[in-house]
Amino acid sequence: MNGLHRDLQAANVAQAETVGQLCNELSTALAQARSLAHDLYSVAATPEGLVEALENLAERVNAEHRIGCAFTGEKTALIQNQAAANYLYRIAQEAIHNALKHSRAKRIPIELAHVSTGLELRVRDNGIGFPAQPAARGLGFRTMEQRARLIGGRLNVQPHPDGGVLLLCSVPRAVVERVSAG
């Protein structure tokens, strides 16, 4: 398509501008398709796959939304259980989506840390927090809760004392260390 665009420009053909616009649209569509494909298999089947996926997620959020999203967790937070890694990634992804959609956050740090009982995923935003009279929990929250339960974890979402919301997902050590096929 780019070659056709160059040829039409060189020949000074009127449709060159339209083809140029189509090139831009095609580039955008291709980037979106790549992003969707990446999201399907976003966590590599390695012990460090979750850390890498969360770092990539933070980079994409920064690039697409121009906010301070960063992975600030332990780079050595390894997880053997591929299914648990995938669920934790999806929980982080949904928490970030909610923060972007509802909170007007400017910063969203993502943390992953080993604790004495297992592993904790924390996603915090500095947005407007919960409304004074929260409505019933939405589908996104219920989905995150279900994912946490499927891996034997607990999900807690609460207002943060400094403003915004803190999501904490705790997963037992036995689950994190269990080797799974995904």
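Here's what I pulled together on the structure shown here. Since we're looking at a predicted model, the values are computed, not measured.

Whether parallel or antiparallel, the strands of a sheet pair through hydrogen bonds between backbone atoms. The strand order E1-E2-E3-E5-E4 describes an open sheet built from five strands, whose pairing is mixed. A strand with exactly one partner marks an edge of an open sheet, and here the two such strands are strand E1 (68-71) and strand E4 (154-159). Within this sheet the neighbouring strands show an average axis-to-axis angle of 15°, counted without direction. Direction of pairing for E4 relative to strand E5 (residues 165-172): antiparallel, over a ladder of six bridges. Looking across to E5, one finds that Leu-155 is bridged to Cys-169. In the packing of helix H3 (residues 49-65) onto the sheet, contacts are made with E1, strand E2 (107-115) and strand E3 (118-125), and the angle to E1 comes to roughly 170°. Each of E4 and E5 is contacted by helix H5 (residues 139-150), which is oriented at about 145° to E4, the strand it contacts most.

Scoring rules and cut-offs
Residues numbered from 1 in each chain as written. Predicted model: local features only at pLDDT ≥ 70, side-chain atom pairs only at ≥ 80, totals over all residues. Heavy atoms only, no water. Pairing = 2+ DSSP bridges. Helix = DSSP H or I, 4+ residues; strand = E, 2+ residues; numbered from the N terminus. Axes fitted to C-alpha atoms, helices over the stretch in contact; angles between N-to-C directions. Contact = heavy atoms within 4.5 Å.

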